[in-house]
Amino acid sequence: NVTTVHDLTYHYYRKGMPKAVHLWEEERALRHSKAVICISENTKRDLLKFYPWVKDERLHVVYNGVSDLFFPISSIQKKGFLLFLGNSQMAYKRYDVAQEVARLTGLELKTISGVASYELNRLYNEALCLLYPSDYEGFGLPILEAQKAGCPVIAQRCSSVPEVIGPEGLMVAHDTPKRMAQEMADIVLQLKSRPLESIVKAGLENARRFSWAKTYEKTKQ
């Protein structure tokens, strides 16, 4: 058996029976696997934190890829709204921070969940930027989707985000939700007042580091 572990979210953010069942399944899978794939170095660190008995030589970091369905559309002009992706009911995704950024900047916030890839690509192309204030991510796929579509990303510097967003990524340090929102708002206003070409180019170059072809080859190995 080869098991892929995406994140350790249930350890941090779930309670009761759902957590108990998930952790039982998770530990059983780890004990019966010859190899374990983690989708980021951060997930690997978390796994060893909660399951220190897993031998390091069994662990392999294989990053996710990003779909070619995301790309810049030259005919689309930026419309200046802020984009938030994900379930706003999950507190750790920090929808409250995204809302505060919208309030501070006076810009529209579009919250998206469960749309088709072609529609999501259009939204990435139209948005001024993607807000990604999440407290925890096993990987952070929307970061790469947005970058590949030519959309700047502003994220919280935590968990796997620095691995994925790249060395030139726009990140703010976690302090308090209010302060994080203010720092993100400051960056948004900077983006609004200057050309985006260099940021878009850096994002496109970063996204090229990841592909499903690479994921496939490393998983096969």
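Residues numbered from 1 in each chain as written. Predicted model: local features only at pLDDT ≥ 70, side-chain atom pairs only at ≥ 80, totals over all residues. Heavy atoms only, no water.

A. Here's a closer look at the overall build of the chain. Helix and strand counts for the chain come out as 10 helices and eight strands. Relative to the globule expectation of 17 Å for 221 residues, the C-alpha radius of gyration of the chain, 18 Å, shows essentially globular dimensions. Expressed as lengths along the three principal axes of its C-alpha atoms, the size of the chain is roughly 55 × 35 × 30 Å. Buried positions account for 48% of the 221 residues belonging to the chain. Sequence separation of at least 24 residues holds for 69% of the intrachain contacts in the chain that already meet a minimum separation of 6. Total accessible area on the chain stands at roughly 11600 Å², and carbon and sulfur atoms take up 53% of it. Measuring between centres, the 30 positive side-chain charges of the chain sit 2 Å from its 25 negative side-chain charges. (Helix = DSSP H or I, 4+ residues; strand = E, 2+ residues; numbered from the N terminus. Rg over C-alpha atoms; globule rule 2.2 N^0.38 Å. Buried < 20%, exposed > 50% of the residue type's maximum accessible area, 1.4 Å probe, protein only. Contact = heavy atoms within 4.5 Å. Areas by Shrake-Rupley, 256 points an atom, 1.4 Å probe, with all protein chains shown as cover. Lys, Arg positive; Asp, Glu negative; His and termini not counted. Charge placed at Lys NZ, Arg CZ, Asp CG, Glu CD.)

B. Summary view of the sheet that holds strand β6 (residues 129-132). In spatial order, the strands read β5-β4-β6-β7-β8; together these five strands make up an open sheet with parallel pairing. Here the strands that pair on one side only, and so sit at the sheet edges, are β5 (109-112) and β8 (170-173). For this sheet, the mean inter-axis angle between neighbouring strands, taken without regard to orientation, is 30 degrees. (Pairing = 2+ DSSP bridges. Axes fitted to C-alpha atoms, helices over the stretch in contact; angles between N-to-C directions.)

C. View of the pairing of β5. As defined by bridge partners, strand β4 (residues 82-85) adjoins β5 across four bridges and the pair is classed as parallel. When the sheet's bridge partners are listed, Phe84 is paired in β5 with Thr111. Handedness of the crossover is the feature at issue here: the chain leaves β4, passes through helix α4 (residues 95-105), returns alongside β5, and the resulting connection is right-handed. (Right-handed = clockwise from strand over helix to strand, strands pointing away.)

D. Up close: the environment of Pro52. Position of Pro52 relative to the elements: it lies in the loop between α3 (41-50) and β3 (59-61). Residue classification places Pro52 among the exposed positions, given a relative accessible area of 61%. Sequence-wise, Pro52 and Val188 are 136 residues apart; in three dimensions their C-alpha atoms are separated by 41 Å.

E. Inspection of the environment of Leu204 at higher detail. Of note, Leu204 is situated in helix α9 (residues 197-207). Using a relative accessible area of 22% as the deciding quantity, one classes Leu204 as partly exposed. For the pair Leu204 and His11, spaced 193 residues apart in sequence, the C-alpha separation works out to 34 Å. Non-local contacts of Leu204, meaning those with residues more than four positions away in its chain, are made with Pro72, Gln147, Lys148 and Gly150.

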